[in-house]
Each structure stands twice: as structure tokens, then as C-alpha cells.
Amino acid sequence: MNNWIVIKFGGTSVSGSDQWQQILSIIDKHHKSGYKVMLVHSAFSGLTNALELLLTGDEKQMSFIHNRVFDMANLFSINHEIVNQALNKLNTLTAHKNINPHQEAGILSWGEWVTHEICVEYLKRSININSFDPTQVLIASTTDKRNKRSQVLSAKCDVTHNQSLNEQLSQNLYMMPGFVAKDSDGNSVVLGRGGSDTSAAYIASLLNAHKLEIWTDVHGIFSANPRANPNARLLLHLAYQEAREIAASGGAVLHPRCILPLEQGNIPLHIKNTQSPNSPGTVLSHDYQATKPMVYAINTRHQVTLVSLESINMWHQAGFLGDMFNIFKSLGLSVDLISTSQTNVTLSLDKADNSIDDEILQQLSTRLKQMGTVEVIKNCSAVTLVGYRIRAMADKIAPVISTFADQRIYITTQSSNDLNQTFVVDEDQADKLGRALHEVLIPKDDTVANFGPSWQQLQQQKDKQAPPIIPWWHTASDKLLTIASNQSPCYVYDLETITTQVNKLQSLTAVDKIHYACKANSHPEILQHIHDLGVSMETVSPQEIERVTACCGESTKENILFTPNFAPKQEYIDAIDQGILVTIDNPYILYQWAEIFADQEVMLRLDPGHGSGHHRYVRTAGEQSKFGIPANELDAISVQCKKHNIKVKGLHAHSGSGILDHENWKRIVDYLGSCLPLFPTATVLNIGGGLGIKENPGDTGLDFEAFNKILEDFKSQHPNINIWIEPGRFIVAHSGVLLAKVTQTKWKGQQGYIGLDTGMNSLIRPALYGAWHNIANLSKLSKRAEYTANIVGPMCETGDILGIDRKMPKTEEGDVILIANTGAYGSSMSSNYNLRAPAKNIIL
Ligand code: LLP
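Residues numbered from 1 in each chain as written. Predicted model: local features only at pLDDT ≥ 70, side-chain atom pairs only at ≥ 80, totals over all residues. Heavy atoms only, no water.

1. A short note on the overall build of the protein chain
- Counting secondary structure elements, the protein chain contains 28 helices and 34 strands.
- Relative to the 2.2 N^0.38 estimate, which gives 28 Å for 844 residues, the radius of gyration of the protein chain is 28 Å and therefore close to what a compact globule would have.
- Along the longest, intermediate and shortest principal axes, the C-alpha atoms of the protein chain span 80 × 70 × 65 Å.
- Counting the 844 residues in the protein chain, one finds 56% classified as buried. (Helix = DSSP H or I, 4+ residues; strand = E, 2+ residues; numbered from the N terminus. Rg over C-alpha atoms; globule rule 2.2 N^0.38 Å. Buried < 20%, exposed > 50% of the residue type's maximum accessible area, 1.4 Å probe, protein only.)

2. Quick notes on the pattern of salt bridges
- Summed over the entire model, instances satisfying the criterion amount to 19 salt bridges.
- Note that aspartate 144 and arginine 146 form a salt bridge whose closest N and O atoms lie 2.7 Å from each other. Grouping residues by exposure puts aspartate 144 and arginine 146 together as buried.
- Between glutamate 439 and lysine 807 there is a salt bridge, with the nearest N and O atoms lying 3.6 Å from each other. One end of the pair, glutamate 439, is in helix H14 (residues 427-441); the other, lysine 807, is in strand S32 (residues 801-808), with 368 residues separating them in the sequence.
- Salt bridges linked by common partners bring Glu439, Lys444 and Lys807 together as one network. (Salt bridge = Lys/Arg side-chain N within 4 Å of Asp/Glu carboxyl O.)

3. Brief notes about the nonpolar core
- Core analysis: the biggest nonpolar cluster contains 116 residues, and Val6, Trp20, Met38, Ile65, Ile203, Leu254 and Leu437 have the highest contact counts within it.
- For leucine 254, the contacting residues outside a window of four places in its chain are Asp197, Ile214, Ile221, Ala247, Ile259, Leu269, Ile271 and Leu284.
- Listed in part, the 92 residues of the second largest apolar core include Leu505, Cys641, Tyr671 and Leu702. (Core = buried A, V, L, I, M, F, W, Y, C linked by side-chain atoms within 4.5 Å. Contact = heavy atoms within 4.5 Å.)

4. Here's the deal with the sheet that holds strand S24 (residues 601-605)
- Pairing in this closed barrel of eight strands is parallel, and the strands run S20-S21-S22-S23-S24-S25-S26-S27 around the ring.
- Sheet topology places S24 next to strand S25 (residues 647-652); five bridges connect them, and they run parallel. Bridged to leucine 604 within S25 is leucine 651. (Pairing = 2+ DSSP bridges.)

5. Observations concerning the site of the ligand
- Around the ligand lies a shell of 21 residues, among which His614, Ser657, Arg729, Arg765 and Tyr825 are the nearest.
- Taking serine 657, its side chain carries an N or O atom lying 2.4 Å from an oxygen atom of the ligand.
- Interatomic distance of 2.6 Å between a side-chain N/O atom of tyrosine 825 and an oxygen atom of the ligand.
- In the complex, 92% of the free accessible area of the ligand, which totals 570 Å², lies under the protein chains. (Near = heavy atom within 4 Å. Polar contact = N/O pair within 3.5 Å; in protein donor to acceptor, adjacent residues only side chain to side chain. Areas by Shrake-Rupley, 256 points an atom, 1.4 Å probe, with all protein chains shown as cover.)

6. Describing helix H11 (residues 320-330)
- Among the residues making up H11, those that are buried are Phe320, Met324, Ile327 and Phe328. Projection of H11 onto a plane perpendicular to its axis shows the buried side chains occupying an angular sector of 100°, all on one side.
- Where H11 is buried, its residues contact strand S12 (294-310), strand S13 (335-340), strand S14 (344-350) and helix H12 (358-368).
- Where H11 ends, the next residue or the one after it, glycine 332, has phi of about 70°, a positive value. (Arc of directions from axis to C-beta.)

7. Regarding the side chain of lysine 666
- Mapped onto the fold, lysine 666 is located in helix H25 (residues 663-675).
- For lysine 666, a relative accessible area of 18% translates into the label buried.
- Here aspartate 670 takes part through its side chain, which lies 2.9 Å from a polar atom of the side chain of lysine 666.
- With near-sequence residues (within four places) excluded, lysine 666 lies in contact with Phe64 and Ile710.

8. Looking at the state of the cysteines
- Scanning the model with the defined rule gives zero disulfides in all.
- Not part of a disulfide, cysteine 518 finds its nearest cysteine sulfur in cysteine 552, a span of 8.7 Å. (Disulfide = S-S within 2.5 Å.)

9. Description of the packing of aromatic side chains
- Evaluated as defined, the whole model comprises 16 aromatic pairs.
- For the pair phenylalanine 9 and tryptophan 215, a centre-to-centre distance of 6.1 Å together with 10° between the ring planes defines the contact as stacked. In this pair, phenylalanine 9 is assigned in strand S1 (residues 4-9) and tryptophan 215 in strand S7 (residues 211-216), connecting sequence segments 206 residues apart. As far as the burial class goes, phenylalanine 9 and tryptophan 215 line up, both buried.
- Pairing tyrosine 491 with tyrosine 493 gives two aromatic rings, centres 6.2 Å apart and planes at 15°, and the pair type is stacked.
- Tyrosine 493 gets classed as buried once you look at its relative accessible area, which sits at 0%.
- Members of the aromatic cluster, joined through ring pairs, are Phe562, Tyr572, Tyr588, Trp593 and Phe597. (Phe/Tyr/Trp six-rings, centres within 6.5 Å; stacked < 30°, edge-to-face > 60°.)

10. A few points about the packing of helix H3 (residues 61-75) against helix H4 (residues 80-94)
- Interhelical geometry of H3 versus H4 gives an angle of 155° and a closest axis separation of 10 Å. In terms of their interaxial angle, H3 and H4 are classed as roughly antiparallel. Crossing handedness for the pair H3 and H4: right-handed. Residues Met62, Ile65, His66, Val69, Phe70, Ala73 and Asn74 of H3 lie in contact with H4, whose contacting residues are His80, Val83, Asn84, Leu87, Leu90, Asn91 and Thr94.
- Taken together, the residues of the contact of H3 with H4 sort by class into eight nonpolar, six polar and no charged. (Axes fitted to C-alpha atoms, helices over the stretch in contact; angles between N-to-C directions. Parallel < 35°, antiparallel > 145°, perpendicular 65-115°, else oblique. Left-handed = near helix turned anticlockwise from the far one by under 90°. Nonpolar A, V, L, I, M, F, W, Y, C, P; charged D, E, K, R; others polar.)

11. Details of the domain arrangement of the protein chain
- The assigned domain composition of the protein chain is domain 1 (4-216), domain 2 (296-442), domain 3 (496-731) and domain 4 (734-843).
- Summed over both partners, the interface of domain 3 with domain 4 buries about 1,600 Å², with 55% contributed by carbon and sulfur atoms.
- Interface area lost by domain 3 to domain 4 is led by Ala520, Glu695 and Arg729, which between them contribute 28%.
- For the interface between domain 3 and domain 4, the tally reads zero salt bridges.
- On the surface where domain 3 and domain 4 come into contact, there are six residue pairs in polar contact (both at pLDDT 80 or more).
- Only helix H18 (495-506) and helix H19 (524-532) provide two or more residues apiece to the side of domain 3 that touches domain 4.
- Among the elements that line the side of domain 3 that touches domain 4, the one with the most residues is H18, at three residues. (Domains from an automatic or database assignment. Buried area = accessible area lost by both parts, 1.4 Å probe.)

12. Topic: the sheet that holds strand S9 (residues 237-238)
- Reading across from one edge, S3-S4-S2-S1-S7-S10-S11-S9 is the order of the eight strands in this open sheet, with mixed pairing throughout. Sheet topology places strand S3 (130-131) and S9 at the edges, where each strand pairs with a single neighbour.
- Strand direction decides the pairing type here: S7 and strand S10 (residues 269-273), joined by five bridges, are parallel. Looking at the pairing, glutamate 213 lines up with histidine 270 of S10.
- Its contacts with the sheet put helix H8 (residues 195-207) on S1, strand S2 (36-41), strand S4 (173-177) and S7, and the angle it makes with S1 is roughly 175°.

13. Let's talk about the packing of H18 against H19
- Running from N to C, H18 and H19 cross one another at 35°; their axes reach a closest spacing of 10 Å. Where H18 crosses over H19, the handedness of that crossing is right-handed. When H18 is examined against H19, the residues Leu495, Ile498 and Thr499 are found in contact with a partner set consisting of Ile526, His529 and Ile530.
- When its residues are assigned to classes, the contact of H18 with H19 shows four nonpolar, two polar and no charged.

Structure, rendered in C-alpha cells:
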């Protein structure tokens, strides 16, 4: 038996001293069982992202990188000299004018190397650990046929068991950085994002290890992405081939490339959760092989680019496809999926496998145009079913696909080995399609041993101590039924829930002032209630200002924020006349209308460069969004403000809505913080709203502790800066439900429909963003679900859907249907479409 175990930890796991204690106890356990350990680690969390952004020319990242590594050095009590030397090296690496791919790889590797130096230094104090340089043995393959960028920035290595390495490594414990490698000429290359898993697999193969353990912050491989579908189930065992299909189709836990070396060396892989070390996790080995038709996982890959070539010349023409593929080959582009008809070929390029930029796409189009009409379709997603003998499950798949018939399904492909089937759709349809397929294809019980608990169940186990969260409307159901009996359709709100949410925000010790983004819901009593809880208001139109002052009093004006976007000049003049603090989000205003703002205090809304949020329409930063002042204009703006004595009170950024990852606000404070030197009068950072909510009881919501810590850390370095936030959804979403009565039911083939007396005129979110809201039959709350149906409204639009494929009890005309979590952006986005009045608002 071989006596090596390779363990791999990601960036979050190596970024805290508590986490290191856990890593040490895992090492100790393996040592006690007689194994030698090779520890592979990634860069401290956030570093590689920052280095990538730095490479795009975003020089502000340098201060983030400085702060991050000094924070880590302080945390681990490491001499600053190590960090200073590493930073000098980074400065040298980035000093070149035209950076070539090898230099790029050198810069990207810097995060791993600095992490390595700090961690080795820290660990040496408590354990006998040896540093190992993987670039001695991880050498990029010389037979790689992809383009140069891919060869260097997403390199592949050839590895087999290397006995002499075993002999060279005579100690019990080694540690090496992941991601980094060299080419045969000794130049830097990297293994691509997520490449540390691949490093670990390569080294496990070279050492012929007993097993590889990848420790991560998830439980293992799931049947779908749990963030998009909380019903996703943990897969306990997988054959390598199935795992490879899952990883290649977007199962984010593993990098697809890491599986092959393990499979070839027959080395089992255990995926384990650092936060729950005794959970079973997922095991990959040769031991498990499926025997009957089954779908294991439904995955989605975003950022797929399609290329479609239309030409009648391809009909009966020998060599047409060959010529076409030669063009892709010569540009080093690897083709993923393909579908052909007599006059059209459509194929997909997967971003993960290709370094696709606009220049390459332009070259591709120009050359393909000589063969026919070319269309490049960006922002698609591939939804893939992975399993065994999938064709045998067509009877279950077909009805789901037919409900998507009105959406464009650009490509459908099936692998010849019958292990996968893929549908390429527009990015915003993908999660919806994935959920619908999961519902019909993945077992819900324990009849198939391979399926472990669902993500939702695991979350509930984690929250076992906490009381079950029963939504307020459950306990108020009798009252709601009475209201609905004569007032349907109507929104009903519970003010207590708003109080609870505001209290949660008020517990954030690092936040100095809370504003409510009243666009989320501007019902007068709701505004008044929020105001009475001590919250200020954020507005975006003169009408909102008028509403707020009418409900909360003229004196609130001194605390109102006005954050317009592309609004007429007069609106800015009027707001300033009323003494309201205006946020400027366009350089145009400061140059063309400077006289309005001379001698005034203003906020500046900056574009932090990266948007987030539940749908692309609600991501409000980055080049594709119309909001905010771009980074490259800030120097000039700082001069313009001084020239006209425009006093910049603070900087603002709002990067999107429905965000559950606290790192979003770290990026924001770090970015805004790095801009402060240009605006010396600024004393405030308004970090926007966008705080996401739990849609399901099992969902993990925003980690408030981590969120607060990010802000506290920032404030400890900037003690004179006040932090403001301006959430909308977080305050009101859970407080509201939409009640509607069933008008009619219908069956069309296998598809059930439940029609309501209101639809997209009251709640447009499902139609506009594919938003998911919990739907219950309030009249039959205790009855078991019997069938699935689409919940639809009475409007003349196929998109008039409130929920797709919902499990419902037997439902009849007159039943009251409740649509949950609709307190935010429900009523405030409603309309009179078809001249049907939207649901009225009732406060409990
Ligand atoms: N601040 C600014 C500058 C904003 O633009 C917004 C929302 C907020 C704060 C509040 O964001 P919240 O905390 O509510 O996420 N209709 C979409 C949401 C659009 C949000 C627009 N701006 C939806 O239904 O999801």
C-alpha cells in the first residue's frame, strides 16, 4: 500500500487561524494512521480575483492586494519583511508594458506564492513542515494543441507515477502551492481557475497516493447547483467517468481536468466539507458503476458563446465541415457542442476551455463569413443532464422541454455514449429549466442508495438548534382567508416582519446609518412604519421624495438621499433647493451642469467595475450597466469638483440586487476606500443595498456576521469614515404576500394549469427575471401535494406565469393562492396592463 495522502484546501480555508487548527488536526489524524501528507493550498481568498482585475488595468486592485497580504501577515504574526519582498516582486512583475501570457501567468501565480511563504512561516512554529516547489515536477504538456494563451493560462501537464519523487520526499509532511507550473523552457504557466484541484490530482498521481482529499466549503457533489436549487441532493458515490461528466457540465465543486489523472492512477478522491468534517461527502472511485437508467445531476454552465453558420453550400458538399473546423483549429478554439442541419451548423465555445476575447471572435467571424452567414450569440447557458442511459428517460424529459418551446432552445445534443444530454438556452432561462428537469428526474426518496440528503435538509440539520422558521402567513392563515374572500386579489403586509428585519440591520455594529430604498415598496403606512423605526429614506424620483415627505414629515428631508439616473436637469435643481443630498452618477452632469452643484455637498456614485445580483437586469455595475462613474474618469472629476468647489461628502456604489455573498461588499468598501484619497472631503461611504433574502426556509441567507466583520475591518483602518447602507428588498420582501383566487383550472396533455384572478399586472418578477416565489394553496394548507401545475394569471401574454411546475394539492375554483415574499418589488412594479387593476394593498 502506498503511504501518501494528498489533502487540498482552498483559499478560504487557509485564510484564518481557526481553520489552520482544523487542518492541523486532519494532518495529525492521517499521520496517526501511518500516512505521509502532501498539503496543497490555493491563494488567500480574494487575491487571484484581484490579480486578474489588476491585469485588466484596474490599478486600484494594488491597494486591495497590499491590504490583504498585510492583514494576513498580521493575523499570522509574520514579519513584514516577507510581505515587502513579495510586493517588490509583484511590482517588478507588473512593471512591463506589454505583458505576454507567461508574464501574466507569473503575476497570477504571485497570490499562491505569497500565501505559501506566509503559511509555511506560520506553520513552522508548531509543526515540522517542508515546503515543496511543484514547478519541479509539474511541466506543461508539449503536445497541447490549443492556442498559446490556453496553453499558458490553463496549462495541462502529463503525469504518471514517479518513483524517484517518492524517494526524494523522505519527510512526513510537505506543503505546496496549487495552480502553478512551468513549461519545458522553465517559463511560468498556470493551470487555469480552479487549477489547485488539478495540482492536487497531478501530485497524487505522481506519488501514487492512497487517496486525495479535497476539503472545501460544500458537502460534496450535488445533483444540481444548490444555490440555484435547494432541493439538490448530495451524491454519495460516483464513478470517475460520471464525475467527469458532471464537472465538465458545470458542477462547480471540481475542476473537470482534475479527475483524469486520478482515474488513470486509480486513486480515490474524497470531497469533504471543512465545516462538517464528519459528513460523508462524495467519494469518486472505480467501485461504483450504475446499472439502470438514471439521471444523477443537472448542471448549468454560463457564459457559453454560440456560433451559427448558415449556408446552402454545405448541402451535399464534401469537406464543408472540415474546412469550417480548420478555421476553429487555426485560431486555437475548441468546440464544445455542435448541432447540424442541411443548411446550418451551430456550435458552442465554452469560456472555461477557451480564452475567448472579442478580437478572436472578430477574426473567427471574418473567416467564417467566406463560407456563409455568421451569427455569434453571447450570454447563453448550457443545461446538461448527466446520467446513465439517458435516452431511456425521454418520457420524463420531453414534457419539461415542451413547456420551454416558446423560449429559444438553440442546441440540443446527446452524447453517443448516452451519458449526457445538453440544452443550450438564453442565460436567464437556464436556472428555470434546470429546476424543472430536476423536479421530474431526481428521486425524492431513499430508494436509490447513491442519493444522500438534499441541500435543504443539510442546512436544516445545521440550523437544528434554531427554531423552525414558520412564515408569519402560516399563523395568520385564517385572517388572510377572510381578507381574500372579499378583497382578492390583494397584497397583505405584516409590519412586525418589517420590524424584525430592521432590527437585524440595526444589529450591524459597523453601519452608521440605514436608508430604506423606497422603490421596493412605497406604501404610505410602510414608509411611516420604517421611518418610525429610525431608518432614513433613499429616493430616485421627485414623486418618491414627495411621497416620503408627505408620509414622514418635511423634516425628514435632511436625511433623504436622492439617487437619480439619467434624470432631467430640473430634478437635480429642485432637490438641491429642498436641501436634499443628491448622488451624482454621471460625469456629464459635473461638466455640463456644474453651476448647479457649485458650493454644494454631493455624493458621487462610482462604478466598482463588477455587478452582482439575481438576474442580469438587476446588476448595476460594470461596463454593461448604465450606472455609476467609471474608474478612468475619477482623476479628472476630482479636479472638476475642486474647481467648482463641489464638496464631495461621500462615495457611493450599489452593484446589484439580491446578493447573498458578503464578499460583494468587501469588494465595494475596498474599491471605494481606494478612491478616497482623490476626494479628501469625503467622510461617508454608502455601500448601497442589494442584500439578498432567504427565499426558502432551507436557504442560507446572507452571512450577517461575515458582512459586519468586513465593514468593521474596514473601519478599523479608516476610523473617520461613516458607513451607510440603503437596502430595499431585505426590509420589506418577507413582510408581504400576494393573495389571489383561483378562476379556472385546465389540463393540456400532461401539463396542468391553475388560473388566478391576477397575474403579471400585480407581480411581474417571475415574467421579467424568472424570479421564484414560494406558492401555497392557502385554502388547502394542510393537504398533500398531488400534481404539478403552472400557476398563471388572466393576462393576454404567455409570459403571464407566476410559478412553473409547482407541486399543488387538488385545487379548485375559488381556492385562495398565496404567493410569498412579495413585499418588495411586487406592488411597486405593478401595472394596469390589459386595463386590469393590480392587486390592492392591505396592512394587517
Ligand atoms: N440603492 C440603489 C442605488 C438601487 O438602485 C437599489 C435598487 C437599492 C439601493 C435597493 O436594492 P435592494 O436592497 O432592494 O436589492 N426590481 C428588481 C430589483 C431592482 C433593484 C433596483 N435598485 C427585483 O424585483 O428584484
